[in-house]
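So you can see what is in the structure, the chains are spelled out below.
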Amino acid sequence: LYAGKAKSVYTTDDADKLILLYRNDTSAFDGKKIEQLDRKGMVNNKFNVTAGSICKRLGLEEGQDLNPPTFEFFLKNDDLGDPMINEFHIRSFD
């Protein structure tokens, strides 16, 4: 369905379910620093507390539980600085 620089998305026989296959590549500073992180997908999907940029942007303390869990979407594009997008953007981009 989709292959980007962080993950690939595959359809399944169930229209309500997708498979996310994460790459072990991690990047920072708009792709200028790239390293490997074993089991990145497992690690990414276990986080349900505040950390990193959300704390800086919203003035939150690291380690806060967010209830309900909060998901943020970013357009992975180094030239644009990986801007945040919302569900309406995603629907429009199809």
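Some thoughts on the overall build of the protein chain
Logical step 1: Within the protein chain, the secondary structure is distributed over 3 helices and 7 strands.
Logical step 2: Element order for the protein chain, N to C, with α for helix and β for strand: β-β-β-β-β-α-α-β-β-α.
Logical step 3: In terms of its C-alpha atoms, the protein chain occupies a principal-axis envelope of roughly 40 × 35 × 30 Å.
Logical step 4: Evaluated residue by residue, the protein chain yields a buried proportion of 12% over its 94 residues.

With respect to the packing of aromatic side chains
Logical step 1: Per the stated rule, a full pass over the model turns up 0 aromatic pairs.
Logical step 2: Its guanidinium or amino end placed over the ring of phenylalanine 88, arginine 91 lies 5.4 Å from that ring's centre, counting from NZ or CZ.

Quick notes on the side chain of lysine 40
Logical step 1: One can find lysine 40 in helix 1 (residues 40–46).
Logical step 2: For the buried residue lysine 40, which engages in no salt bridge, the nearest side chain bearing the opposite charge is aspartate 25, 7.4 Å off.
Logical step 3: At 2.8 Å, the side chain of lysine 40 forms a polar contact with the backbone oxygen of aspartate 25.
Logical step 4: If near-sequence neighbours (up to four positions away) are discounted, lysine 40 is found in contact with Ala6, Arg23, Asn24, Asp25 and Thr26.

Considering the environment of isoleucine 85
Logical step 1: Relative to the elements of secondary structure, isoleucine 85 occurs in strand 7 (residues 84–85).
Logical step 2: When the C-alpha atoms of isoleucine 85 and glutamate 72 are compared, they prove to be 7.8 Å apart, with 13 residues separating the residues in sequence.

The rules behind these values
In this convention, every chain numbers its residues from 1, walking through the sequence in written order. Only residues with pLDDT of at least 70 get local features here, since the model is predicted, and only at 80 or more are side-chain atom pairs given and counted; chain-wide, interface and lining totals rely on the full set of residues. With hydrogens and water excluded, all non-hydrogen atoms of the structure serve as input to the side-chain values. Under the DSSP-based scheme used, a helix requires at least four consecutive residues in state H or I and a strand at least two consecutive residues in state E, with every element numbered from the N terminus. Relative accessibility decides the category of a residue: with a 1.4 Å probe and only protein chains considered, values under 20% of the type maximum give buried, values over 50% give exposed, and everything between is partly exposed. Only rings of Phe, Tyr and Trp enter the pairing, Trp through its six-membered ring, and a pair is recorded when the two centres are within 6.5 Å. The plane angle decides the type: under 30 degrees is stacked, over 60 is edge-to-face, the rest tilted. Charge over a ring is defined by NZ of Lys or CZ of Arg lying within 6 Å of the ring centre and within 35 degrees of the ring normal. Charge counting follows a simple rule: Lys and Arg are positive, Asp and Glu are negative, and His as well as the terminal groups are ignored. Here, a salt bridge means any Lys or Arg side-chain nitrogen found within 4 Å of an Asp or Glu carboxyl oxygen. We call two N or O atoms a polar contact when they sit within 3.5 Å, provided that within protein one can donate a hydrogen and the other can accept it, with sequence-adjacent residues counted only if both atoms are side-chain atoms. Contacts are residue-level and defined by heavy atoms, with any inter-residue pair within 4.5 Å sufficient.

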